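# Survey of secondary and tertiary structure
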There are 2 protein chains.
Amino acid sequence: MNAHIISIGDELLIGQTVNSNASFIGNALSDIQIKVIKISVIGDDKSVLINEFKEALDNADIVITTGGLGPTHDDLTREAVIDFFNTELVKSDAVLEDIKERFARLGRTVTRINEDQAMVPKIGRVIRNYHGTAPGYWIVQDGKIFIVMPGVPFEMKAMMEEFVIDHLKEIIEPQLKSFTKNRTLLTTGIPESTLYEKLGDLNELLGDAKLAFLPSQFGVKLRITVTESNEELATNKLLEIEQRIRGLVGRFIYGKGNEELFEVVARLLTSRGLTIAIAESCTGGHISNLLTNVSGSSKYFERGIVTYSNAAKVEMLKVDEEIIAKYGSVSLEVSRQMADGIRAISMTDIGIAVTGIMGPLGGTSSKPVGTVFIGFCDEKVCTAQKFQFGDDRLLNKQRTSQTVLEIIRKYILGIPFDE
Amino acid sequence: MNAHIISIGDELLIGQTVNSNASFIGNALSDIQIKVIKISVIGDDKSVLINEFKEALDNADIVITTGGLGPTHDDLTREAVIDFFNTELVKSDAVLEDIKERFARLGRTVTRINEDQAMVPKIGRVIRNYHGTAPGYWIVQDGKIFIVMPGVPFEMKAMMEEFVIDHLKEIIEPQLKSFTKNRTLLTTGIPESTLYEKLGDLNELLGDAKLAFLPSQFGVKLRITVTESNEELATNKLLEIEQRIRGLVGRFIYGKGNEELFEVVARLLTSRGLTIAIAESCTGGHISNLLTNVSGSSKYFERGIVTYSNAAKVEMLKVDEEIIAKYGSVSLEVSRQMADGIRAISMTDIGIAVTGIMGPLGGTSSKPVGTVFIGFCDEKVCTAQKFQFGDDRLLNKQRTSQTVLEIIRKYILGIPFDE
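Residues numbered from 1 in each chain as written. Chains lettered and ligands numbered in written order. Predicted model: local features only at pLDDT ≥ 70, side-chain atom pairs only at ≥ 80, totals over all residues. Heavy atoms only, no water.

## What to know about the interface of chain B and chain A
Rule in force here: Two residues qualify as a contact provided that any one of their heavy atoms is within 4.5 Å of a heavy atom in the partner residue. For any pair of parts, buried area is found by adding up, for both, the accessible area (1.4 Å probe) each one loses once the two are put together. Just to be clear on terms, a salt bridge is a Lys or Arg side-chain nitrogen sitting within 4 Å of an Asp or Glu carboxyl oxygen. For the purposes of these results, a polar contact is taken to be a pair of N or O atoms within 3.5 Å, where, inside protein, one atom must be able to donate a hydrogen and its partner to accept one; residues adjacent in sequence count only when each atom of the pair is a side-chain atom.
Residue-level contacts link 84 residues of chain B with 86 residues of chain A. Regarding the contact of chain B and chain A, the summed buried area is about 6,700 Å², with carbon and sulfur atoms giving 52% of it. Joining chain B to chain A, the criterion identifies four salt bridges. Linking R303(A) and E315(B) is a salt bridge whose minimum nitrogen-to-oxygen distance equals 3.2 Å. Here chain B is connected to chain A by 38 residue pairs in polar contact (both at pLDDT 80 or more).

## Here's the deal with the pairing of strand 3 (residues 62-66) of chain B
Residue and element names in this part refer to chain B. For clarity, the cut-off: Remark: exposure states derive from per-residue accessible area (1.4 Å probe, protein chains only) relative to the maximum for the residue type, with buried under 20%, exposed over 50%, and partly exposed in between. Numbering goes from the N terminus for both helices and strands, where a helix is a DSSP run of H or I of at least four residues and a strand is a run of E of at least two. DSSP-based pairing: two strands are paired if at least 2 bridges between them are found.
With five of five residues buried, strand 3 lies mostly within the body of the structure. Side chains of strand 3 alternate between two faces, with I62, I64 and T66 and V63 and T65 buried alike. By the bridge criterion, five bridges tie strand 3 to strand 8 (residues 144-149) in an arrangement that is parallel. Looking across to strand 8, one finds that T65 is bridged to V148.

## A word on the relation of the copies chain B and chain A
Using the following cut-off: What sets the superposition is a least-squares fit of C-alpha atoms, and only residues with pLDDT of at least 70 in both copies go into it.
Taken as rigid bodies, chain B and chain A are interconverted by a rotation of 180° and an axial shift of 0.1 Å, the fit giving an RMSD of 0.1 Å. Within this description, the copies of the chain are treated as partners about a two-fold rotation axis. Interface overlap between copies: 100% of the residues of chain B at the interface are likewise at the interface in chain A, consistent with a symmetric, same-surface contact.

## Section: the state of the cysteines
Residues and elements named next belong to chain A. The following threshold applies: Cysteine sulfur atoms that come within 2.5 Å of each other are treated as a disulfide pair.
Applying the stated criterion across every chain yields a total of two disulfides over all chains. Residue C377 pairs covalently with C382 via a disulfide, S to S 2.0 Å. The disulfide joining C377 to C382 has a torsion of about 110° about its S-S bond and is therefore right-handed. The class of C382 is partly exposed, set by a relative accessible area of 27%.

## Focus on the packing of aromatic side chains
Condition: Between the rings of Phe, Tyr and Trp (Trp by its six-membered ring), a pair exists once the centres lie within 6.5 Å; its type follows the angle of the planes, with under 30 degrees stacked, over 60 edge-to-face, and the other angles tilted.
Scanning the model with the defined rule gives 20 aromatic pairs over all chains in all. Plain terms: the ring middles of Y308(A) and F301(B) are 5.5 Å apart, the flat faces sit at 85° to each other, and that makes the pair edge-to-face. With one member in each of two chains, Y308(A) in the loop between strand 14 (301-307) and helix 13 (310-317) and F301(B) in strand 14 (residues 301-307) form a pair that bridges those chains. Classification of Y308(A) as buried rests on a relative accessible area of 13%. A residue is classified by how much of its surface remains accessible, and F301(B), at 1% relative accessible area, is buried. On the numbers, 4.7 Å between centres and 55° between planes, the contact of F376(B) with Y411(B) is tilted. Of this pair, F376(B) sits in strand 16 (residues 371-377) while Y411(B) sits in helix 16 (residues 393-413); the two residues are 35 residues apart in sequence, bridging distant segments of the chain. Given a relative accessible area of 34%, Y411(B) falls into the partly exposed group. Taken together, the ring pairs connect F53(A), F84(A), F85(A) and F146(A) into an aromatic cluster.

## What about the sheet that holds strand 11 (residues 219-228) of chain B?
All names here are of chain B. The line we're drawing: Lines are fitted to the C-alpha atoms to define the axes, a helix being fitted only along its stretch in contact, and any angle between axes, read from their N-to-C directions, falls within 0 to 180 degrees.
Judged by pairing direction, the sheet is antiparallel, and its four strands sit side by side in the order 10-11-9-12 without closing on themselves. The outermost strands of the open sheet, each flanked by one partner alone, are strand 10 (210-216) and strand 12 (253-256). Strand-to-strand twist in this sheet, taken as the mean axis angle between neighbours without regard to direction, amounts to 25°. Bridge count between strand 9 (residues 179-187) and strand 11: eight bridges; the pairing is antiparallel. The residue of strand 11 that forms the bridge with T180 is T227. Lying on the sheet, helix 10 (residues 231-249) is in contact with strand 9, strand 10, strand 11 and strand 12; it crosses strand 9 at an angle near 20°.

## A look at helix 11 (residues 261-272) of chain A
Residues lying three or four places apart along an α-helix face the same way, a consequence of the helix completing one turn every 3.6 residues. Residue and element names in this part refer to chain A. Threshold: In this analysis, the expected span of each helix is defined as 1.5 Å times one less than the number of residues it contains.
For helix 11, built from twelve residues, the straight-helix expectation of 16 Å at 1.5 Å per residue is met to within 8% by its first-to-last C-alpha distance of 17 Å. Buried within helix 11 are the following residues: L261, F262, V264, V265, A266, L268 and L269. Tucked into the core, helix 11 has its buried residues touching strand 12 (253-256), strand 13 (276-280), helix 12 (286-291), strand 15 (350-356) and helix 16 (393-413). Immediately beyond the C-terminal end of helix 11, within one or two residues, lies G273, with a positive phi of roughly 65°.

## Digging into the pairing of strand 9 of chain B
Bridge analysis of strand 9 of chain B against strand 12 of chain B gives three bridges, and the strand direction is antiparallel. Along strand 12 of chain B, the bridge assignment pairs L185(B) with K256(B).

## Brief notes about the packing of helix 3 (residues 46-59) of chain B against helix 4 (residues 77-84) of chain B
All names here are of chain B. Selection rule: Reported orientations rely on four angle classes, namely roughly parallel under 35 degrees, roughly antiparallel over 145, roughly perpendicular from 65 to 115, and oblique for the rest. If you view the pair so one helix is near and one far, a crossing is left-handed when the near helix is turned anticlockwise from the far one by less than a right angle, and right-handed when it is turned clockwise.
Running from amino to carboxyl end, helix 3 crosses helix 4 at an angle of 55°, the nearest separation of the two axes being 9 Å. Here helix 3 is positioned oblique relative to helix 4, judged by the angle of their axes. Considering how the two elements wind past one another, helix 3 and helix 4 form a crossing that is right-handed. Judged by residue contacts, K46, L49, I50, F53, K54 and L57 of helix 3 engage T77, E79, A80, V81, D83 and F84 from helix 4.

Here is the structure:
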């Protein structure tokens, strides 16, 4: 079965909001073997909505809309649904109860426009909203399924997880004749074209499977897709191709799927029982934040210090004032002393430090914006390395953090680090 | 004039990549008075691409595609363009030169598949790519403009900024008969329906203008849109409506447009000449990171400490060990002592501290996941306050950070803080 996702809202068209809802739904549908054939984004305009509903139902088995269900005048999805399906509004007592309970819990008064949200299309059934006031609708017509949800991400996600996915699975699973599965291998430090050439003859490598290359600033993702008659065969085929790819470019692969590099590093630190402390200057806490995004991070993360001022570097990390005067606070020597200092005061296995110029201001001819020094100490050695990133402040923070995490990963795995 | 944006790539349909490209383009087009009427996302399938090109050109004056221009086998956009416009490929010496220069600079060898990227559609002109190997195309047919760009965000953005926007402006500006402008006011701490009711009769408030409500976990954005015969009238009208809205709900408005709360706070700290230091436990550096996202942050941000361990809290912030033993490290008392401690060692005007349970593990019946204490000290007072957020770790980090920033903002502006 296939699906068309319709995202509704002028804020999406004018680029005020990034369409993360469609990604979430696309991902959830793919997991249960529904192929998303199209995503469209349209504005809050009733006739445009109705036209799109028609086109989507003509081509897809399942249509999912999000957005335009709020209580205000610019929310037109419910009206469009009523017109399109030629039905009428009826009051849902269950929804009205939900709204009243919700408002009582929050200590707020139910307003007239909230009460109006309990009016739902007569055709189809209601999808309860336990995180907001607008209910969703589940409409079946001529064997096709039309699902309407609000656009607020956590309300929509809860409806998907608590209702939509299970109900779709019930319908789809008995009909499945083939099983499509994909796996993504995450690489870093190798350009797309080099990766492509290193993989050699793709027909030989893949057989019937497909391979997609997804490049970004931080690396290239390789997505393998296989279709087999059942899940077990698909899983085996994926594994076989993954192993072949690892044989060819394994040292560039740091993870799989939606894994983040910080999760990989967190797992490695935890499994090896290593502890770490970080002294950050230019990244301002970004690396500490990533390392503590994982539950259980207190096992390996002892402390982080954001020493933005020179005073903080000297007092807290015992960086030598003369070294700062001689080489500048953005220097190889200072990054090494910071790493040494943070490791000493926190008594961890690993001490890491970064100092650099993130921009847009503060660059010089010898140290342009994007210059970063990373210091790394364990009980035996203290080293430091220079990196040159670009001119975008936030991207520089991210690339510096990514590099620090990659240094930690390679250190733990014993892979030499060459930029 | 209006536009249709087509985003190409299976990774978008299966939700592996969020479609930030379309948002960027939508935003850029709106700024130059081009109305985006639709965004569609389709897969790497030649016949699907060709159908979508046709539909888009039937309905819109300008069609912009991104994606599917890479050097690998799954990139089909160029082939689809050739077929759709019934043209052929010719070698572009300029593009080949660009590719060779780029590779020489990076110390890499030009591969056969990179060379092939210099083959471009005979119809139309090339948009040079100074950040990657795939050129874009600018094709004019029957008075309509068809623009093709790669999907790698920074390559596409550079093409937009260095070529596409200026060339579109040249065509559009002489034809403009009306001028549409919008402004977004950012509110926090007030639910959508309450906001709606407080604004009263919208027709009276707005006249011909439009107002959209955009809710999220962090607040509701209000987008005002006006259309007038020229830019000055539009600007004046916007200002007039903004002032009316501020008169009704001003105390909930923290900023405008794409402004982030951390930018507002950074500006306030800078303009008042105040300095700040932060001690974070549960947020793990997230607040420091936000406060240092702004260029010039060293003027107000002195240092941040991520005291994840109790040892770090005691040693670095002089939190009383007995207080930790008595109340636990997640407590009102500890947050106040942390704030006091960080302010004392960094000698700043403001000291802030957070300690809490972000989850998913670590909650107890008296302190469930989402419990957060925020301590705040200036030279006169040291206070602390308890908050209860939800059960999602990353969202809890974000909501805690947002709350801390809002506390700082209100403190500086003298607005009382009630959650």
